[in-house]
Amino acid sequence: MSAFWGAGLGYRRSLGSAMAALPPGDASIDFIEVAPENWLHVGGAARRLFDAACERWPLACHGLSLSLGGHDPLDMSLLAEIRAFMARYGCSFFSEHLSYCGHNGRFYDLLPLAFTTENVRHTAARIRQTQDFLGQRIAIENTSYYLHAPHSEMDEVDFLNAVAREADCNIHLDVNNIYVNAVNHGHVAPRAFIDRVDLTRVVYLHIAGHDAENPRLLIDTHGEAVQDDVWDVYAYACARLPSHCPTLLERDFNLPPLPELLDEVARIRSIQQGAKSE
Ligand SMILES: [Fe+2]
């Protein structure tokens, strides 16, 4: 279980100055999250602002390119850099995507896995290898996907549960991804997904906005405010989680002024507190 709680905001370079200007004692953000890959080799003023932010808020690490479901050898040099990065900032939480990033090369994209028993075993083995190397449990995140991999033997929820069970790892639930996949593919309705996922393993949540190309094609852009339907899925999940999970607002593009993001972070906290008092 991660050693922090509450409502967090993804840290981005362009937000660094505005976040640093929040007055001492400001309690609008409980933690921040970054992809370690984006910060391993950054220096200068951006690094100084990031270091100051890490003095102020607990840090969660969310990897982008380990390719846990891939067939290239696990990138142990990247993993060593991630381990050192986490140690430097006293970070106790790491999650990665249940996907892969390429074969004989690497995309900066998350590609969908076929939901097969073979992929359960293969991916779980690589997660165990990662956990052994980092010396801690990690969490795997359900991703959005736009192409349903052929030859699947189970649906996405059963696959996620099976990998987590086989690897004995935690689950990082992204409620926007659940919603986007439900609209785009129609396989598992959002509330059914939450009813079926192994909530005892869920330790962390993401919420984000998406873009509607048309009513039947949503793109997980992280470039819009969170839509009401996704807030409803989030509230449904919070009401059912056996323990309270830190939740991060993802916003990667089309960034509004910081106060608008903090309004959404406050809405996360309000839903968390509502679920806590039920
Ligand atoms: Fe996410």
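On a predicted model such as this, the values are computed, not experimentally measured, just so you know. (Residues numbered from 1 in each chain as written. Predicted model: local features only at pLDDT ≥ 70, side-chain atom pairs only at ≥ 80, totals over all residues. Heavy atoms only, no water.)

> I'd like a description of the environment of L249, backed by residues and values.
Its place among the elements puts L249 in strand β10 (residues 247-250). The exposure class assigned to L249 is buried, which follows from its relative accessible area of 1%. Placed 239 residues apart in sequence, L249 and G10 show a C-alpha to C-alpha distance of 6.3 Å. (Helix = DSSP H or I, 4+ residues; strand = E, 2+ residues; numbered from the N terminus. Buried < 20%, exposed > 50% of the residue type's maximum accessible area, 1.4 Å probe, protein only.)

> Help me get a handle on the pairing of strand β8 (residues 211-214), residues and values and all.
With three bridges joining them, β8 and strand β9 (residues 217-219) adopt antiparallel strand pairing. Of the residues in β9, the one forming a bridge with N214 is L217. Here β8 folds back onto β9, and the loop between the two strands holds two residues. (Pairing = 2+ DSSP bridges.)

> Any chance you could break down the coordination of the iron ion for me, citing the residues and the numbers?
Bound to the iron ion are the protein donor atoms E141 (OE), D174 (OD), H206 (ND1) and E250 (OE), situated 2.0 to 2.5 Å from the metal. For the iron ion, all donor residues lie on one chain, and their spacing in sequence is E-x32-D-x31-H-x43-E. Of this pair, D174 sits in strand β6 (residues 170-174) while H206 is found in strand β7 (residues 202-208), placing the two residues 32 residues apart along the sequence. By relative accessible area, D174 is classed as buried at 0%. (Donors = N, O, S within 2.8 Å, 3.2 Å for Na, K, Ca; no water.)

> Which residues make up the pattern of salt bridges, and what values do they have?
Counted by the stated rule, this structure contains 10 salt bridges. Between D252 and R12 there is a salt bridge, and its shortest N-O distance comes to 3.1 Å. Taken together, the residues D252 in the loop between β10 and α9 (258-276) and R12 in the loop between β1 (7-10) and α1 (16-20) connect sequence positions 240 residues apart. With a relative accessible area of 27%, R12 lands in the partly exposed category. R196 is the partner of D158 in a salt bridge, and the nearest nitrogen-oxygen pair spans 3.1 Å. Highlighted residues: D158 in helix α5 (residues 156-167) and R196 in helix α7 (residues 190-196), separated in sequence by 38 residues. Several salt bridges converge on common partners, so that one network encompasses R137, D168, D198 and R201. (Salt bridge = Lys/Arg side-chain N within 4 Å of Asp/Glu carboxyl O.)

> Give a description of the sheet that holds strand β3 (residues 59-62) that names residues and reports values.
An order of β1-β2-β3-β4-β5-β6-β7-β10 is seen for the eight strands of this closed barrel, with the pairing classed as parallel. Adjacent strand axes in the sheet meet at a mean angle of 30 degrees, parallel and antiparallel pairs treated alike. Alignment of β3 against strand β4 (residues 94-97), held across two bridges, turns out to be parallel. Of the residues in β4, the one forming a bridge with C61 is F94. (Axes fitted to C-alpha atoms, helices over the stretch in contact; angles between N-to-C directions.)

> How would you explain the environment of T123 if you had to name every residue and give the values?
Within the secondary structure, T123 is located in helix α4 (residues 117-134). Taking relative accessible area as the criterion, T123 reaches 0% and is therefore assigned buried. For the pair T123 and V163, spaced 40 residues apart in sequence, the C-alpha to C-alpha distance is 6.9 Å. Aside from chain neighbours lying at most four places away, what touches T123 is L68, G69, L98, L113 and V163. (Contact = heavy atoms within 4.5 Å.)

> Outline the packing of α4 against α5, listing residues and values.
Put simply, α4 and α5 touch, their axes get as near as 8 Å, and they point 45 degrees apart. The angle between α4 and α5 places the two elements in the oblique class. Helix-helix and strand crossings are classified by hand; for α4 and α5 the assignment is right-handed. Contact residues: α4 offers N119, V120, R121, T123, A124, I127, R128 and Q131, while α5 offers F159, A162, V163, E166 and A167. Partitioned by chemical class, the residues of the contact of α4 with α5 number seven nonpolar, three polar and three charged. (Parallel < 35°, antiparallel > 145°, perpendicular 65-115°, else oblique. Left-handed = near helix turned anticlockwise from the far one by under 90°. Nonpolar A, V, L, I, M, F, W, Y, C, P; charged D, E, K, R; others polar.)

Without other data, these values stay purely geometric and don't point to any function.
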